[in-house]
Amino acid sequence: MSNTEQVLVLVKPDGVKRGLVGKVLERAEARGYTIARLEMRWATPELLARHYAEHKDKPFYPSLVEYMTSGPLVALVLEGAQVIVAFRTMAGATDPVKAAPGTIRGDFGRDWGTGEIQNIVHASDSPESAAREMAIWFPQA
Ligand code: IDP
Ligand code: MG
């Protein structure tokens, strides 16, 4: 069991609004990963400042906070060997216009002409990010 990993996944507000929670969970389950935590949440700017600390000084940060606080999101933890790399691959490229078909972003995302990159899911990009992000979203876990 020592090589079991956990990854923090968010179904972002656009994913919830568009009714894609089930599709994201279905893909994770179909792949054989375990859902270890699952909760609907409403992100605050304070929480996002921690979650997106690396982006705080980027020009798109204010619109990112607006997007991420535009509705409830679903936070979950998936578990399984190499799940971090596997789920990043399943999510696809950051820009849904460039994300490969077959990925979550490539199958369900598009440019909505808003200037934001709305891309349905977040997924931790490394074991360090996963540990840091799980502590933010599920501090008592
Ligand atoms: P990731 O979600 O694929 O890890 P990051 O580069 O970490 O991508 O960016 C975090 C989030 O910030 C993206 O998922 C997207 O919603 C948003 N974002 C990233 N780059 C841009 C940009 O250039 N313009 C607008 N929003 C962006
Ligand atoms: Mg990232």
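Further up the page is the structure itself.
Here the structure is a predicted model, which means the values were calculated and not measured.

*Asks:* Looking at this structure, how should I read the overall build of the protein chain?
*Replies:* Per the secondary structure count, the protein chain includes seven helices and four strands. Tracing the protein chain from N to C terminus, the helices and strands come up as β-α-α-β-α-α-β-α-α-β-α. Computed over C-alpha atoms, the radius of gyration of the protein chain comes to 14 Å, within 12% of the 14 Å expected from 2.2 N^0.38 for 141 residues, which places it in the range of a compact globule. Here the C-alpha coordinates of the protein chain stretch approximately 45 × 35 × 25 Å along the principal axes. Across the 141 residues that make up the protein chain, the buried fraction comes to 46%. In the protein chain, of all internal contacts separated by at least 6 residues, the share reaching a separation of at least 24 is 76%. For the protein chain, the exposed area adds up to about 7400 Å²; of that, 54% sits on carbon and sulfur atoms. One way to put it: in the protein chain the 16 positive side-chain charges average out to a point 2 Å from where the 17 negative ones average out.

*Asks:* Can you help me understand the environment of Asn119 in this one?
*Replies:* Mapped onto the elements of the fold, Asn119 is located in the loop between helix H6 (104–108) and strand E4 (121–123). Each C-alpha atom, one on Asn119 and one on Val77, is 18 Å from the other, the two residues being 42 residues apart in sequence. Non-local contacts of Asn119, meaning those with residues more than four positions away in its chain, are made with Lys12, Asp14, Tyr67, Thr94, Pro96 and Arg105. Among the polar contacts listed, one links the side chain of Asn119 to the side chain of Lys12, at a separation of 2.7 Å. Within the local environment of Asn119, its side chain forms a polar contact with the backbone oxygen of Thr94, the two atoms lying 3.0 Å apart.

*Asks:* Can you walk me through the sheet that holds strand E3 (residues 73–81) in this structure?
*Replies:* The strands making up a sheet associate through backbone hydrogen bonding, with each pair oriented either parallel or antiparallel. On the basis of which strands lie adjacent, the open sheet formed by four strands has the order E2-E3-E1-E4 and antiparallel pairing. Looking at strand neighbours, the two that pair on one side only are strand E2 (34–41) and E4, the edges of this open sheet. Pairwise comparison of adjacent strand axes, ignoring direction, gives a mean angle of 20° for this sheet. As paired strands, E2 and E3 are joined by seven bridges and run antiparallel to one another. Along E3, the bridge assignment pairs Glu39 with Ala75.

*Asks:* It is not clear to me how the pairing of strand E1 (residues 4–11) should be interpreted in this structure. Could you clarify?
*Replies:* Successive residues of a regular strand alternate their side chains across the two faces of the sheet. By the bridge criterion, eight bridges tie E1 to E3 in an arrangement that is antiparallel. Bridge pairing in E3 links Val9 to Leu76. Where E1 and E4 come together, three bridges link them in antiparallel fashion. By the bridge assignment, Leu10 is partnered in E4 with His122.

*Asks:* Would you take a moment to explain helix H4 (residues 61–68) for this structure?
*Replies:* Every α-helix carries 3.6 residues per turn, so stepping three or four residues along brings you back to the same face. All buried positions along H4 are accounted for by Tyr61, Leu64, Val65, Tyr67 and Met68. One side of H4 holds all its buried residues, which, seen down the axis, span an arc of 160°. What points out from H4, more than 90 degrees from its buried face, is the exposed set Pro62 and Glu66. Close packing links the buried residues of H4 with E1, helix H1 (13–17), helix H3 (45–51) and E3.

What counts, and at which threshold
- Residues numbered from 1 in each chain as written.
- Chains lettered and ligands numbered in written order.
- Predicted model: local features only at pLDDT ≥ 70, side-chain atom pairs only at ≥ 80, totals over all residues.
- Heavy atoms only, no water.
- Helix = DSSP H or I, 4+ residues; strand = E, 2+ residues; numbered from the N terminus.
- Rg over C-alpha atoms; globule rule 2.2 N^0.38 Å.
- Buried < 20%, exposed > 50% of the residue type's maximum accessible area, 1.4 Å probe, protein only.
- Contact = heavy atoms within 4.5 Å.
- Areas by Shrake-Rupley, 256 points an atom, 1.4 Å probe, with all protein chains shown as cover.
- Lys, Arg positive; Asp, Glu negative; His and termini not counted.
- Charge placed at Lys NZ, Arg CZ, Asp CG, Glu CD.
- Polar contact = N/O pair within 3.5 Å; in protein donor to acceptor, adjacent residues only side chain to side chain.
- Pairing = 2+ DSSP bridges.
- Axes fitted to C-alpha atoms, helices over the stretch in contact; angles between N-to-C directions.
- Arc of directions from axis to C-beta.

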